[in-house]
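Each chain, letter by letter, is given below.
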Amino acid sequence: LRRLGLGDGKAVGAAGPSVLGYLARFLRRPRLVAGWTFATIRSSGWWVYIVYLPLFCIEAGLGETVGGAAVSGTSALLFATPLLLRLVERWSVRTAVRGTFAWCAALFLLAALLSPVPWATVACLVLASFGLVMLDVCGSLPFLMAVKPSERTEMAAVYSSFRDVSGIATPAVGGLILLAAPVAAVFAASGLAMGAAWAVAATVHPRLGRRRGALSG
């Protein structure tokens, strides 16, 4: 964290009643709103992968085992976190975040297009999950690195709301889509959301997270 410029800051403890006051500050700072949006879309991507991929496998006749194996196998990618963090340090936060959202967007959309070939859809989504793991590593950094150390406790409480928002919004939107379209349409919607995040990530400072030595070199 120190190498990425986060510093020590104030210890994060229980946030007090002033969190609501910090919500207004959060909304007035586009960099924080963008960072929160990245986290929300990333979390929604996981919801789609974990819930709708197994559902797709069942409807496509592949059975429960294939979807379960795909979701379980992705958990093993978490062991690659140290390596992924090194890549973020080498590339810069913006390059990592933007490139990974582009990767996920392309593969979620391709998964929807290839839905008549179920195994191809599964393969695309498994590859997309590699990007979701990368976003677990770097997706929160644009927010955390934009927060002042003195505000970190309260802003952390504001930031963590992305879990509740994605946990409510994703099933709600997915349910509406399934009223009129097949499961593959949920993958397409997720891909479009990832594409929107890719566009927003262009606003992240290109030097964010890079070492000073790397900049001078």
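Procedures and definitions
- Position numbers for residues count from 1 along each chain, tracking the sequence in the order it is written.
- In keeping with the predicted nature of the model, local features appear solely for residues at pLDDT of at least 70, side-chain atom pairs appear and are counted solely at 80 or more, and the whole-chain, interface and lining totals rest on all residues.
- No hydrogens and no water enter the side-chain calculation; it runs on all heavy atoms of the structure.
- What counts as a helix is a DSSP run of H or I of at least four residues, what counts as a strand is a run of E of at least two, and both are numbered from the N terminus.
- Remark: exposure states derive from per-residue accessible area (1.4 Å probe, protein chains only) relative to the maximum for the residue type, with buried under 20%, exposed over 50%, and partly exposed in between.
- Note on contacts: a residue pair qualifies if any of its non-hydrogen atoms lie within 4.5 Å across the two residues.
- Here the accessible surface of atoms and residues is derived via Shrake-Rupley with a 1.4 Å probe, and residues count as covered only by protein chains that are part of the display.
- Here the aromatic set is Phe, Tyr and Trp, taking the six-membered ring for Trp, and pairing holds for ring centres within 6.5 Å; pairs whose planes are under 30 degrees apart are stacked, those over 60 apart are edge-to-face, and all others are tilted.
- To estimate the expected span of a helix, subtract one from its residue number and multiply by 1.5 Å.
- Given a residue, its bend is the angle between the two axes fitted to the seven residues that end at it and to the seven that start from it.
- In this text, buried Ala, Val, Leu, Ile, Met, Phe, Trp, Tyr and Cys residues form a nonpolar core when linked through side-chain atoms within 4.5 Å.
- A pair is scored as a salt bridge if a Lys or Arg side-chain nitrogen falls within 4 Å of a carboxyl oxygen belonging to Asp or Glu.
- Lines fitted to C-alpha atoms define the axes here, with helix axes fitted over just the stretch in contact, and angles between the N-to-C directions of these axes take values from 0 to 180 degrees.
- Left-handed describes a crossing whose near helix is turned anticlockwise from the far helix through less than a right angle; right-handed describes the clockwise counterpart.
- Residues were grouped as follows: Ala, Val, Leu, Ile, Met, Phe, Trp, Tyr, Cys and Pro as nonpolar; Asp, Glu, Lys and Arg as charged; and all remaining residues, including Gly, as polar.

Section: the overall build of the protein
Now for step 1: The number of helices and strands found in the protein is eleven helices and zero strands.
Now for step 2: Ordered by position in the sequence, the α and β elements of the protein form the string α-α-α-α-α-α-α-α-α-α-α.
Now for step 3: Going through the 217 residues of the protein one by one, you find that 42% of them count as buried.
Now for step 4: Partitioning the intrachain contacts of the protein with sequence separation of at least 6 by distance along the chain shows that 85% fall at a separation of at least 24.
Now for step 5: Counting every atom, the protein has about 11,100 Å² of accessible surface; 67% of that belongs to carbon and sulfur.

What about the environment of Phe101?
Now for step 1: Counting through the fold element by element, Phe101 comes out in helix α5 (residues 93–113).
Now for step 2: Note: C-alpha distance between Phe101 and Gly195 (94 residues apart in sequence) is 6.7 Å.
Now for step 3: Not counting chain neighbours up to four residues away, the residues in contact with Phe101 comprise Phe38, Ile41, Leu135, Met194, Ala197 and Trp198.

Concerning the packing of aromatic side chains
Now for step 1: Applying the stated criterion across every chain yields a total of five aromatic pairs.
Now for step 2: With a centroid separation of 5.7 Å and 45° between ring planes, the pair formed by Phe38 and Phe101 is classed as tilted. Taken together, the residues span a long stretch of sequence, with Phe38 in helix α2 (residues 30–59) and Phe101 in helix α5 at a distance of 63 residues. Each member of the pair, Phe38 as well as Phe101, carries the same accessibility label: buried.
Now for step 3: An angle of 80° between the planes, with centres 6.0 Å apart, marks the rings of Trp46 and Tyr49 as edge-to-face. With Trp46 and Tyr49 both in helix α2 and three residues apart, this pair spans about one turn of that helix.

Re the side chain of Ser129
Now for step 1: Following the sequence through the fold, Ser129 ends up in helix α6 (residues 118–138).
Now for step 2: In this view, Ser129 contacts Trp46, Tyr49, Thr74 and Leu77; residues no more than four positions away in its chain are not counted.

Describing α2
Since the α-helix packs 3.6 residues into each turn, any two residues three or four apart lie on the same face.
Now for step 1: Between the first and last C-alpha of α2 there are 41 Å, a value that for 30 residues agrees with the 44 Å anticipated at 1.5 Å per step.
Now for step 2: Along α2, the helix axis deviates most sharply at Tyr52, where the bend reaches about 35°; the proline Pro54 sits within four residues downstream.
Now for step 3: Trailing α2 by a residue or two, Gly61 shows a phi angle of about 85°, which is positive.

Considerations on the nonpolar core
Now for step 1: With 46 residues, the main nonpolar core has Phe108 and Phe187 as its most contacted residues.
Now for step 2: Looking at this core, the elements with two or more residues in it are α2, α3 (64–75), α4 (81–91), α5, α6 and α10 (184–200).
Now for step 3: Apart from the residues lying within four places of it in its own chain, the contact partners of Phe187 are Val48, Tyr52, Leu53, Phe56, Phe108, Ala112, Thr121 and Leu125.
Now for step 4: The next biggest cluster of nonpolar side chains, apart from the first, holds eleven residues, and it includes Trp36, Ala39, Phe143 and Met155.

Topic: the pattern of salt bridges
Now for step 1: One pass over the structure, following the stated rule, counts one salt bridge.
Now for step 2: The residue Arg42 makes a salt bridge to Asp136 at a minimum N-O spacing of 3.3 Å. Residue Arg42 is located in helix α2, and its partner Asp136 is located in helix α6; the two are separated by 94 residues in the primary sequence.

So, the packing of α2 against α5
Now for step 1: Viewed as axis vectors pointing N to C, α2 and α5 meet at an angle of 35°, and their least axial separation amounts to 12 Å. Along this stretch, α2 crosses α5, giving a crossing that reads as left-handed. The residues of α5 that touch α2, namely those facing Phe38, Ile41, Gly45 and Val48, are Val97, Phe101 and Phe108.
Now for step 2: Class assignment of the residues belonging to the contact of α2 with α5 gives a composition of six nonpolar, one polar and no charged.

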